[in-house]
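Each chain is listed here by its residues.
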Amino acid sequence: MKRLLVVDDDREFLALVCKFLEGSSYDCIKADTLDAAIKHVDGTKWFAGALVDFWIGEENAIPLLDVLHSLDPSLPVVLVSGGGGGLTLEKTQAIGEISGAMYFLQKPFRKAELVALLDQIT
Amino acid sequence: MLIEKIVRETYASARSKETQPLQWSILRYVGRSTEQECTMIRIAAYLGLTHAPVVRAIKTLVKRGLMDQKPNPFDARSHVLSLTELGYEKLATDPILGVVERIQRLPEGEREFFKRLIRSLSITPEQNEIGGNEKTSRRR
(Lines give C-alpha, C1' and ligand atoms only; values in the text may rest on other atoms or scores of the structure.)
Protein backbone atom coordinates (compact mmCIF):
# COMPACT_ATOMS: atom_id res chain seq x y z
CA MET A 1 0.00 0.00 0.00
CA LYS A 2 1.16 3.51 -0.78
CA ARG A 3 0.86 5.92 2.13
CA LEU A 4 -0.91 9.13 1.16
CA LEU A 5 -0.98 12.12 3.50
CA VAL A 6 -4.35 13.89 3.24
CA VAL A 7 -4.62 17.28 4.94
CA ASP A 8 -7.75 19.38 5.32
CA ASP A 9 -9.51 20.99 8.28
CA ASP A 10 -12.83 19.80 6.83
CA ARG A 11 -13.30 16.36 8.33
CA GLU A 12 -16.10 15.51 5.91
CA PHE A 13 -13.72 16.18 3.04
CA LEU A 14 -11.06 13.99 4.65
CA ALA A 15 -13.56 11.17 5.09
CA LEU A 16 -14.80 11.55 1.51
CA VAL A 17 -11.31 11.44 0.00
CA CYS A 18 -10.45 8.36 2.01
CA LYS A 19 -13.72 6.75 0.94
CA PHE A 20 -12.85 7.56 -2.69
CA LEU A 21 -9.58 5.69 -2.18
CA GLU A 22 -11.05 2.62 -0.45
CA GLY A 23 -10.06 -0.52 -2.32
CA SER A 24 -7.27 1.33 -4.12
CA SER A 25 -3.56 0.99 -3.52
CA TYR A 26 -3.53 4.03 -1.20
CA ASP A 27 -3.50 4.05 2.58
CA CYS A 28 -4.92 7.40 3.74
CA ILE A 29 -3.17 9.12 6.63
CA LYS A 30 -5.45 11.97 7.68
CA ALA A 31 -4.56 15.26 9.35
CA ASP A 32 -6.98 18.08 10.10
CA THR A 33 -4.49 20.69 11.34
CA LEU A 34 -1.11 21.94 10.14
CA ASP A 35 0.53 20.75 13.35
CA ALA A 36 -0.89 17.25 13.01
CA ALA A 37 0.27 17.10 9.39
CA ILE A 38 3.78 18.28 10.24
CA LYS A 39 3.97 15.66 13.04
CA HIS A 40 3.14 12.97 10.46
CA VAL A 41 6.06 14.04 8.29
CA ASP A 42 8.74 13.93 10.97
CA GLY A 43 10.89 11.91 8.65
CA THR A 44 10.37 8.54 10.30
CA LYS A 45 7.36 7.45 8.25
CA TRP A 46 7.45 8.51 4.68
CA PHE A 47 4.73 8.94 2.06
CA ALA A 48 4.20 8.20 -1.61
CA GLY A 49 2.42 11.52 -1.97
CA ALA A 50 0.40 14.21 -0.23
CA LEU A 51 -2.96 15.84 -0.91
CA VAL A 52 -3.09 19.18 0.85
CA ASP A 53 -5.88 21.74 1.04
CA PHE A 54 -4.47 25.27 0.74
CA TRP A 55 -6.65 26.62 3.54
CA ILE A 56 -6.38 24.81 6.87
CA GLY A 57 -8.44 26.54 9.53
CA GLU A 58 -7.46 30.22 9.44
CA GLU A 59 -3.99 29.37 8.13
CA ASN A 60 -2.60 28.50 4.74
CA ALA A 61 -0.62 25.37 3.94
CA ILE A 62 2.63 27.14 2.96
CA PRO A 63 4.56 26.08 6.12
CA LEU A 64 3.59 22.45 5.49
CA LEU A 65 4.52 22.70 1.79
CA ASP A 66 7.92 24.07 2.81
CA VAL A 67 8.47 21.18 5.25
CA LEU A 68 7.47 18.59 2.64
CA HIS A 69 9.70 20.19 0.01
CA SER A 70 12.69 20.43 2.34
CA LEU A 71 12.37 16.77 3.34
CA ASP A 72 11.89 15.48 -0.20
CA PRO A 73 11.77 17.87 -3.17
CA SER A 74 10.60 15.02 -5.41
CA LEU A 75 7.56 14.12 -3.26
CA PRO A 76 4.41 14.46 -5.41
CA VAL A 77 2.24 17.03 -3.66
CA VAL A 78 -1.26 17.84 -4.87
CA LEU A 79 -2.59 21.17 -3.69
CA VAL A 80 -6.37 21.34 -3.40
CA SER A 81 -8.57 24.41 -3.15
CA GLY A 82 -12.07 25.63 -3.78
CA GLY A 83 -10.99 29.27 -3.55
CA GLY A 84 -11.53 32.00 -1.01
CA GLY A 85 -9.28 34.03 1.25
CA GLY A 86 -9.07 36.75 -1.39
CA LEU A 87 -6.98 34.53 -3.67
CA THR A 88 -8.09 33.24 -7.04
CA LEU A 89 -7.45 29.59 -7.73
CA GLU A 90 -5.00 30.64 -10.44
CA LYS A 91 -2.98 32.51 -7.83
CA THR A 92 -3.32 29.67 -5.31
CA GLN A 93 -1.98 27.19 -7.85
CA ALA A 94 0.95 29.49 -8.67
CA ILE A 95 1.79 29.85 -4.96
CA GLY A 96 1.64 26.06 -4.65
CA GLU A 97 3.95 25.56 -7.61
CA ILE A 98 6.67 27.83 -6.29
CA SER A 99 6.31 26.01 -2.97
CA GLY A 100 6.88 22.61 -4.54
CA ALA A 101 3.28 21.46 -5.03
CA MET A 102 3.45 20.65 -8.72
CA TYR A 103 -0.12 19.38 -9.02
CA PHE A 104 -3.42 21.11 -8.39
CA LEU A 105 -7.01 19.97 -8.00
CA GLN A 106 -9.87 22.42 -8.08
CA LYS A 107 -12.70 21.60 -5.68
CA PRO A 108 -15.14 20.06 -6.29
CA PHE A 109 -13.56 17.16 -8.13
CA ARG A 110 -14.70 13.69 -9.08
CA LYS A 111 -13.31 10.43 -7.69
CA ALA A 112 -12.09 9.53 -11.19
CA GLU A 113 -10.09 12.79 -11.43
CA LEU A 114 -8.42 12.16 -8.07
CA VAL A 115 -7.56 8.53 -8.74
CA ALA A 116 -6.29 9.25 -12.27
CA LEU A 117 -4.02 12.03 -10.98
CA LEU A 118 -2.66 9.97 -8.07
CA ASP A 119 -2.03 6.97 -10.32
CA GLN A 120 -0.14 9.21 -12.72
CA ILE A 121 2.13 10.89 -10.16
CA THR A 122 2.84 8.34 -7.40
CA MET B 1 6.59 50.37 -9.82
CA LEU B 2 9.24 47.87 -10.89
CA ILE B 3 6.78 45.01 -10.62
CA GLU B 4 4.37 46.96 -12.79
CA LYS B 5 7.13 47.61 -15.34
CA ILE B 6 8.05 43.92 -15.50
CA VAL B 7 4.40 42.99 -16.08
CA ARG B 8 4.04 45.63 -18.82
CA GLU B 9 7.19 44.39 -20.54
CA THR B 10 5.90 40.83 -20.34
CA TYR B 11 2.74 41.69 -22.24
CA ALA B 12 4.46 44.11 -24.59
CA SER B 13 1.45 44.86 -26.76
CA ALA B 14 -2.09 45.61 -25.64
CA ARG B 15 -3.44 45.82 -29.20
CA SER B 16 -6.75 44.03 -29.59
CA LYS B 17 -5.35 41.58 -32.13
CA GLU B 18 -2.71 40.40 -29.67
CA THR B 19 -3.48 37.68 -27.16
CA GLN B 20 -4.56 39.42 -23.96
CA PRO B 21 -3.58 38.38 -20.40
CA LEU B 22 -7.01 36.81 -19.72
CA GLN B 23 -6.77 34.85 -22.96
CA TRP B 24 -3.30 33.64 -21.96
CA SER B 25 -4.68 32.50 -18.60
CA ILE B 26 -7.37 30.49 -20.39
CA LEU B 27 -4.89 28.95 -22.82
CA ARG B 28 -2.66 27.92 -19.89
CA TYR B 29 -5.60 26.42 -17.98
CA VAL B 30 -6.86 24.43 -20.96
CA GLY B 31 -3.33 23.41 -21.91
CA ARG B 32 -2.72 21.66 -18.61
CA SER B 33 -6.15 20.45 -17.55
CA THR B 34 -8.06 17.27 -18.28
CA GLU B 35 -10.97 17.44 -20.70
CA GLN B 36 -13.61 17.28 -17.97
CA GLU B 37 -12.06 20.28 -16.18
CA CYS B 38 -12.20 22.45 -19.31
CA THR B 39 -15.65 23.97 -19.06
CA MET B 40 -16.40 27.67 -19.09
CA ILE B 41 -17.86 27.50 -15.56
CA ARG B 42 -14.75 25.85 -14.10
CA ILE B 43 -12.45 28.26 -15.90
CA ALA B 44 -14.41 31.26 -14.60
CA ALA B 45 -14.27 29.85 -11.05
CA TYR B 46 -10.54 29.20 -11.40
CA LEU B 47 -9.86 32.74 -12.56
CA GLY B 48 -12.26 34.29 -10.02
CA LEU B 49 -14.26 36.01 -12.78
CA THR B 50 -17.88 36.28 -13.79
CA HIS B 51 -18.95 34.27 -16.81
CA ALA B 52 -19.32 37.14 -19.29
CA PRO B 53 -15.63 38.09 -19.81
CA VAL B 54 -14.62 34.43 -19.90
CA VAL B 55 -17.26 33.63 -22.54
CA ARG B 56 -16.03 36.58 -24.65
CA ALA B 57 -12.39 35.50 -24.35
CA ILE B 58 -13.25 31.88 -25.23
CA LYS B 59 -15.21 33.04 -28.31
CA THR B 60 -12.19 35.02 -29.48
CA LEU B 61 -9.80 32.11 -28.93
CA VAL B 62 -12.12 29.71 -30.81
CA LYS B 63 -12.54 32.25 -33.63
CA ARG B 64 -8.75 32.54 -33.93
CA GLY B 65 -8.45 28.77 -34.23
CA LEU B 66 -6.59 28.36 -30.93
CA MET B 67 -9.30 26.32 -29.16
CA ASP B 68 -12.10 23.90 -30.06
CA GLN B 69 -15.39 23.37 -28.23
CA LYS B 70 -17.41 20.18 -28.26
CA PRO B 71 -20.40 18.89 -26.24
CA ASN B 72 -19.47 17.83 -22.72
CA PRO B 73 -19.77 14.02 -22.43
CA PHE B 74 -20.37 14.41 -18.67
CA ASP B 75 -22.96 17.20 -18.83
CA ALA B 76 -25.25 17.81 -21.82
CA ARG B 77 -25.76 21.46 -20.77
CA SER B 78 -22.17 22.50 -21.34
CA HIS B 79 -19.21 22.23 -23.69
CA VAL B 80 -15.64 21.16 -23.09
CA LEU B 81 -12.72 23.09 -24.52
CA SER B 82 -9.44 21.87 -25.90
CA LEU B 83 -6.42 23.45 -27.55
CA THR B 84 -5.93 23.04 -31.28
CA GLU B 85 -2.50 22.39 -32.72
CA LEU B 86 -2.28 26.14 -33.32
CA GLY B 87 -3.26 26.68 -29.67
CA TYR B 88 -0.38 24.49 -28.46
CA GLU B 89 1.99 26.38 -30.77
CA LYS B 90 0.73 29.65 -29.33
CA LEU B 91 1.16 28.37 -25.78
CA ALA B 92 4.78 27.58 -26.54
CA THR B 93 5.27 31.34 -27.08
CA ASP B 94 3.65 32.26 -23.74
CA PRO B 95 5.28 35.57 -22.69
CA ILE B 96 5.43 34.35 -19.10
CA LEU B 97 8.13 31.91 -20.20
CA GLY B 98 10.40 34.92 -20.74
CA VAL B 99 9.92 35.93 -17.10
CA VAL B 100 10.59 32.34 -15.98
CA GLU B 101 13.81 32.38 -17.98
CA ARG B 102 14.87 35.69 -16.39
CA ILE B 103 14.18 34.32 -12.90
CA GLN B 104 16.07 31.12 -13.65
CA ARG B 105 19.13 33.16 -14.61
CA LEU B 106 19.27 34.67 -11.10
CA PRO B 107 21.86 33.25 -8.69
CA GLU B 108 20.26 30.51 -6.56
CA GLY B 109 20.20 32.57 -3.36
CA GLU B 110 18.48 35.49 -5.08
CA ARG B 111 16.05 33.14 -6.81
CA GLU B 112 15.05 31.58 -3.49
CA PHE B 113 14.72 35.04 -1.91
CA PHE B 114 12.59 36.24 -4.84
CA LYS B 115 10.36 33.17 -4.56
CA ARG B 116 9.70 33.79 -0.87
CA LEU B 117 9.18 37.50 -1.41
CA ILE B 118 6.69 37.12 -4.27
CA ARG B 119 4.85 34.42 -2.32
CA SER B 120 4.54 36.64 0.74
CA LEU B 121 3.36 39.57 -1.38
CA SER B 122 0.77 37.36 -3.05
CA ILE B 123 -0.86 36.29 0.19
CA THR B 124 -0.61 39.63 1.99
CA PRO B 125 -3.88 41.53 1.54
CA GLU B 126 -3.84 45.17 0.54
CA GLN B 127 -4.32 47.54 3.50
CA ASN B 128 -7.91 48.32 2.52
CA GLU B 129 -8.73 44.61 2.40
CA ILE B 130 -7.69 43.89 5.99
CA GLY B 131 -10.75 43.16 8.06
CA GLY B 132 -12.79 43.52 4.91
CA ASN B 133 -15.99 41.81 3.93
CA GLU B 134 -16.07 38.53 5.84
CA LYS B 135 -18.14 36.84 3.15
CA THR B 136 -15.57 37.49 0.45
CA SER B 137 -12.59 36.62 2.61
CA ARG B 138 -13.92 33.31 3.90
CA ARG B 139 -12.26 30.37 2.21
CA ARG B 140 -13.86 27.19 0.97
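Preceding this section is the structure that the text describes.
Scoring rules and cut-offs
- Residues numbered from 1 in each chain as written.
- Chains lettered and ligands numbered in written order.
- Predicted model: local features only at pLDDT ≥ 70, side-chain atom pairs only at ≥ 80, totals over all residues.
- Heavy atoms only, no water.
- Helix = DSSP H or I, 4+ residues; strand = E, 2+ residues; numbered from the N terminus.
- Rg over C-alpha atoms; globule rule 2.2 N^0.38 Å.
- Areas by Shrake-Rupley, 256 points an atom, 1.4 Å probe, with all protein chains shown as cover.
- Pairing = 2+ DSSP bridges.
- Axes fitted to C-alpha atoms, helices over the stretch in contact; angles between N-to-C directions.
- Contact = heavy atoms within 4.5 Å.
- Patch = residues over 30% accessible without salt bridge, like charges linked within 9 Å, V, L, I, M, F, W, Y side chains within 5 Å.
- Salt bridge = Lys/Arg side-chain N within 4 Å of Asp/Glu carboxyl O.
- Buried < 20%, exposed > 50% of the residue type's maximum accessible area, 1.4 Å probe, protein only.
- Arc of directions from axis to C-beta.
- Core = buried A, V, L, I, M, F, W, Y, C linked by side-chain atoms within 4.5 Å.
- Polar contact = N/O pair within 3.5 Å; in protein donor to acceptor, adjacent residues only side chain to side chain.

Caption draft 1: Looking closely at the overall build of chain A. Assigned secondary structure in chain A consists of five helices and seven strands. In chain A, the order of α-helices and β-strands from amino to carboxyl end is β-α-β-α-β-β-β-α-β-α-β-α. Relative to a compact globule of 122 residues, whose C-alpha radius of gyration would be 14 Å, chain A shows 13 Å and is just as compact. Its C-alpha atoms put chain A at 35 × 30 × 25 Å along the principal axes. When the accessible surface of chain A is totalled, it reaches about 5,400 Å², and 54% of it is carbon and sulfur.

Caption draft 2: Representation of the sheet that holds strand β2 (residues 26–31) of chain A in the model. Residues and elements named next belong to chain A. If you trace the five strands from one edge of the open sheet to the other, you get β2-β1-β3-β6-β7, paired in parallel fashion. If you trace the sheet from one side to the other, it starts and ends with β2 and β7 (103–106), each paired once. Taken over all neighbouring pairs, the strand axes of this sheet differ in orientation by 20° on average, direction set aside. Bridge count between strand β1 (residues 2–7) and β2: six bridges; the pairing is parallel. Looking at the pairing, lysine 2 lines up with tyrosine 26 of β2. Lying on the sheet, helix α3 (residues 62–71) is in contact with β1, β3 (49–53) and β6 (77–81); it crosses β3 at an angle near 165°.

Caption draft 3: Just a nonpolar patch on the surface, in detail. Residue and element names in this part refer to chain B. On the surface, Ile3, Val7, Phe113, Leu117 and Leu121 cluster together into a nonpolar patch covering about 500 Å² of accessible area. Elements with a minimum of two residues in the nonpolar patch: α1 (2–10) and α7 (108–123). Here phenylalanine 113 shows up in helix α7.

Caption draft 4: Quick look at the environment of leucine 117 of chain A. Residue and element names in this part refer to chain A. With respect to the helices, strands and loops of the structure, leucine 117 is situated in helix α5 (residues 111–121). The spatial distance from the C-alpha of leucine 117 to the C-alpha of phenylalanine 104 is 9.5 Å, given a sequence separation of 13 residues. Excluding its chain neighbours within four sequence positions, the residues that come into contact with leucine 117 are Val78, Tyr103 and Leu105.

Caption draft 5: Focus on helix α4 (residues 89–98) of chain A. All of the buried residues in α4 of chain A are Leu89, Thr92, Gln93, Ile95 and Gly96 of chain A. One side of α4 of chain A holds all its buried residues, which, seen down the axis, span an arc of 160°. Contacts made by the buried residues of α4 of chain A are with α3, β6 and β7 of chain A together with α2 (21–32), α3 (40–47) and α7 of chain B. Looking one or two places after α4 of chain A, you find glycine 100 of chain A, whose phi comes out positive at around 95°.

Caption draft 6: Representation of the pattern of salt bridges in the model. The full count for this structure, using the stated rule, is 15 salt bridges over all chains. For aspartate 66 of chain A, the salt bridge is made with arginine 119 of chain B, and the minimal N-O distance between the two is 2.8 Å. Note that aspartate 66 of chain A is positioned in helix α3 and arginine 119 of chain B in helix α7, a pairing that runs across two chains. When the shortest N-O distance is used, the salt bridge between aspartate 94 of chain B and arginine 28 of chain B registers 2.6 Å. Taken together, the positions of aspartate 94 of chain B in the loop between α5 (85–91) and α6 (96–104) and arginine 28 of chain B in helix α2 put the pair 66 residues apart, joining distant regions of the chain. The pair aspartate 94 of chain B / arginine 28 of chain B is uniform in exposure class, with both members buried. A single network of salt bridges, built from pairs that share partners, joins Asp66 of chain A together with Glu112, Lys115, Arg116 and Arg119 of chain B.

Caption draft 7: Broad picture of the nonpolar core. Val52 and Leu68 of chain A together with Ile26, Val30 and Met67 of chain B are the most contacted members of the largest nonpolar core, which has 45 residues in total. Considering each element in turn, this core owes the most residues, five residues, to α2 of chain B. Not counting the four nearest positions on each side in its chain, valine 30 of chain B is found in contact with Cys38, Ile43, Met67, Leu81, Ser82 and Leu83 of chain B. Among the nonpolar cores identified, the runner-up in size contains 19 residues, and Cys18, Leu21, Val80 and Leu105 of chain A belong to it.

Caption draft 8: Representation of the side chain of threonine 84 of chain B within the structure. Residues and elements named next belong to chain B. Along the polypeptide, threonine 84 turns up in the loop between β2 (79–83) and α5. From its side chain, threonine 84 meets the backbone oxygen of glycine 65 in a polar contact 2.5 Å long. The residues contacting threonine 84, other than those within four sequence positions of it, are Gly65, Leu66, Met67 and Asp68.

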